[in-house]
Amino acid sequence: MAELFKIPMENDTSRKIIHIDMDAFYASIEEREQPELRQKPLVIARNPSDTGGKGVVTTANYVARQYGVHSAMSAQKAAELIPNHQAVFKAPNFPLYQSVSEQIHTIFHAVTDKIEPIAFDEAYLDVTKNKLGLTHTIDVVAYLQKAILKETQLVSSAGISYNKFLAKMASDYRKPAGRTLVLPEQAIAFLSRLPIEKFRGVGKKTAPRMQELGILTGADLLAQSEMMLIQNFGKLGYGLYRHVRGIDNRPVAYQRERKSIGNENTYGQPLISEEQVQTELKKLAIELERRLRKNQKHGLTVVLKVRNRQFETITKRKTFSEYVGKAAEIEAIAWEIWTTIGHAEAGIRLLGITVTNLAPQTFENITLPLYDWERE
Amino acid sequence: MKFSINRTQFIKTLNDVQRAISAKTTIPILTGLKLVLSQEGLTLTGSDADISIEATLATTDEKNQLTVEEPGAIVLPARFFSEIAKKLPEDQMTIAVGDNFQTTIRSGKSEFTINGLDANSYPHLPEIADQNPFSIATDVLKQLIRQTVIAVSNQESRPILTGVHLVLNSGEMLAVATDSHRLAQRKLTVSVPSDVNYDVIIPGKSLIELSRTLADGDETVEIRIAENQVLFKAGNLAFYSRLLEGNYPDTARLIPTSSSTQIEFNAPVLLAAIERASLLSHESRNNVVRLTLNTADNTAIIYGNSPDVGNVEETLQFENLTGEDLEISFNPDYMKDALRSFGQTAIMINFTAALRPFTLVPSEDQEHYIQLITPVRTF
C-alpha cells in the first residue's frame, strides 16, 4: 500500500549552512554592561514583585539556569526556584539588544549576504560561497565567532552542516561557545542519538504522543514508516520523516520581503479629543509615506491600530483595488477607519497605521493636484 | 385598500421602482415596497435612503385597467411581493388589505396572503418645490451620464469625488467627474432663464441607476434641485437622489490649454489595440502600457509587459501625428474607459509632456467633451 503512494525524496548535501546562536544573548549583554552580575543568577524579566507576579522570563544567565530557570517560564516561578531571594531581575532593554544584533549582522555580511535572521540572537547563513575565500567552513565559523567576540565581547554557538535543520540541531548540541560540524555521512548517526524532544515541532503536546508510540529518540523516529508518521502527525510527520533522514532542502531565506510597513506612537498623555487624533494621524501618515518611499513600496491594505486607556487594543483594516502610498490618502483612510472604531473620550494611548499587501513601487500613477495643498 | 390592475403594466412599473430597493439596508422598512392608492391612481415607492423612486399608474390610462375599490396604503416585502406578482397565472390581479396589514393577492384561482407593514411608518420622501425646474432631452442626459460617471471615484476615502459635479450657470451646464487620476467633462447648453444657477454634486451611483431607469420613450427629463436633494421627473416616474455635501475641487485649472504632441485616432481602432496591449499588463502588478510616438518616422508604438508572462508590442494605426516625439506610460484601463465613451468617432489626443496629464477630445467638436488621463511614472 505504502509503495503506491511513495513521495520522492531528494537530499541536497551540496550546500554549506551555518546556524549561529548567541549564548544567553540578552543576559550576556546585561553582564557585559554590569560585570558584577556574572556571578549572580540573572533573569531578564520585570521583577515579579513589581508586576504582581505577571511576566515571563525572556532569558536567564547560566548561573540562573543551574536552578532550572529557562526562557518562557513565568518570572514568579523563576523567583521561587532561586533560593534566598538572590535572583536579579532586569527588565529587557530591546533597543540595546537590537543595536548589538545589528553589529553582529554587519559581521555576517563580511562573510555572506545570504543571511536569514530568526531573532535578534539567531540566524542562518548560507556560506556555500563565502566572501572570505576560505575553503573550509570550519574556518569561516571560527572567523565569525572570533569577530563576534572581539566586537561585542559576546559568546556564540555555531552549527555547521548542509541544511538548516541539521545546522540548528548542531548549534544546540554543544553550548555555550560550541562549534559542531555534521557531515552528510554523519547525519543519520548524529540524529539517531538525539532525544525526540530535540526535533523541531516536537514540543509539550507532541512529545507525550511520541512517547506513547514508543518513539523516544531519533533512532525510534527513523524506524517509523512515512505513512504512519503522516497519519499520526500530519504535516509535522511528513517533515519529521525527512528531517530524521537529514533532509531539509529549504533555502536560506535571505532578502526576505517585508510584508508590511507601519508607524505607531504611544502617548504618555492620552489623547482625548477628535482633533488631537486627527493631528496625530496626519503626523503618522506623513512619516509612513516617508518610510514607504524609502523602501520603494506601496500597499493595498491600510490597518489602523488604536489602544485606549484601558489597554484595549483594536485594529481594523481596509483593502483597496489601487495601491496606496501617499500621506494624504493614508491619512484619509486612517481617519475613515477611526470614525468607525474610535472614541477619543476613551483616552487614546496609542495610534498606529500600517500599510500591508505591499508591492514594489515600480510605478506611480500621477495624481491631479485637486486641492491647493496637493500642489507641488 | 382594494384594487385590481393589469399585471403586465404593474410589473413594468414595479421593476423601475425596485431599482431603489436594497435587500441590505439598515432601515428594515426600506426592504419594503410602498403602495398608495387614490381615485387618481396607484403610486409605488421604493427607497434605499440615498435613492428613492416613485412611479404612478394612472386610473385614466386604459392600459392599466386599474379599478379602485377602496383607497388606502400599505408597505409589502418587496422581494416576495415582486416574485409573487411575476408568477401569478392571469393577466389581471387583485390586491386587498385586510386586518393587521394582512394583504391578499389574487389572480385566477391563485391566492396569496402576506404580512404587510403600516404605510405610516414609511419615511416621507423629500418635498422639492417646483420653482426653477429645467429640462434636458432624455438621450442627452443619458449620454452625459455615460460620459462622466466613468471618472467618478469608487473610493469612499474622498466622498466628494464619488459624485458628478453639476454646475448650471447662465444657461451653460458643466458636468465634471474625477477620481484624481482621470477627469471627464461635458458641456451643454440648457434653455433656462439665465438667473437659474445651480452648483451641486450628485452621487455617481444615483446617476447610473437613473440612467438605467429612464425609458427611451420619454423625450425629456425635468430636473428640480433643492438644498440636499435632486429630483428627476420623466413620464410617470420621479427619481430622487440625495446630494453630496462639500466643496468640489476647482477642476477648470487642471485641463491643459496647450499641447506639444497631437495624434488623431479612430476611437474603436485604438480601443482594440489598447485591449490587446493590456492583456498581459493586467496579469502583472504593474498595470501599465507604454506609448512611443515618433513624428519623424511617423510611428506610434504601444508596448505592454508582464515579467511573469511575456510582452506585447504593436505598431498603431492612426490618422495624423504632429509635434514633438514622446514616450509616455499610462494605465490602460483608464484609456479603455475613456475610448469606449467616445463610441465610433475620430478623436484627438493632446500631450504636453511624459509626466503631464493628456487629453482626449472628439475631432469634430473639441469644445463640449473632454477626457483627461494622468500618466504613470515608472521607476
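Worth saying up front: this structure is predicted, and the values here are computed from it rather than measured.

Rules used throughout
- Residues numbered from 1 in each chain as written.
- Chains lettered and ligands numbered in written order.
- Predicted model: local features only at pLDDT ≥ 70, side-chain atom pairs only at ≥ 80, totals over all residues.
- Heavy atoms only, no water.
- UniProt positions renumbered as here; feature names shortened; annotations may be inferred.
- Helix = DSSP H or I, 4+ residues; strand = E, 2+ residues; numbered from the N terminus.
- Buried < 20%, exposed > 50% of the residue type's maximum accessible area, 1.4 Å probe, protein only.
- Contact = heavy atoms within 4.5 Å.
- Salt bridge = Lys/Arg side-chain N within 4 Å of Asp/Glu carboxyl O.
- Pairing = 2+ DSSP bridges.
- Axes fitted to C-alpha atoms, helices over the stretch in contact; angles between N-to-C directions.

What follows deals with the UniProt feature "site: Substrate discrimination" (unreviewed entry) in chain A. Residues and elements named next belong to chain A. UniProt feature "site: Substrate discrimination" (unreviewed entry): in the numbering of this structure it lies at Tyr-26. Checked against the element boundaries, Tyr-26 lands in helix H1 (residues 25-33). Using a relative accessible area of 13% as the deciding quantity, one classes Tyr-26 as buried. Each residue touching Tyr-26, except ones within four places of it in the same chain, is listed here: Ile-44, Thr-58, Thr-59, Phe-94, Tyr-97 and Phe-120.

Our focus in this paragraph is the pattern of salt bridges. Counted by the stated rule, this structure contains 30 salt bridges over all chains. We note a salt bridge from Glu-226 of chain A to Arg-242 of chain A, for which the minimum N-O separation is 2.9 Å. Like Arg-242 of chain A, Glu-226 of chain A is buried. The salt bridge involving Glu-209 of chain B is made with Arg-212 of chain B; its shortest N-O contact spans 3.2 Å. Taken as a pair, Glu-209 of chain B and Arg-212 of chain B lie in helix H4 (residues 204-213) at a separation of 3 residues, close to a single helical turn.

Residue and element names in this part refer to chain A. Taken together, the 4 strands give an open sheet; going across it, the order is S9-S12-S10-S11, and neighbouring strands pair in antiparallel fashion. Two strands in the sheet have a free side with no partner beyond their single neighbour: strand S9 (260-271) and strand S11 (313-324). For this sheet the average axis-to-axis angle between neighbouring strands, irrespective of direction, equals 15 degrees. The pairing of strand S10 (residues 297-308) with S11 spans 8 bridges and is antiparallel. Looking across to S11, one finds that Val-303 is bridged to Arg-317. Here helix H13 (residues 327-341) sits on the sheet in contact with S10, S11 and strand S12 (348-360), set at roughly 140 degrees to S11.

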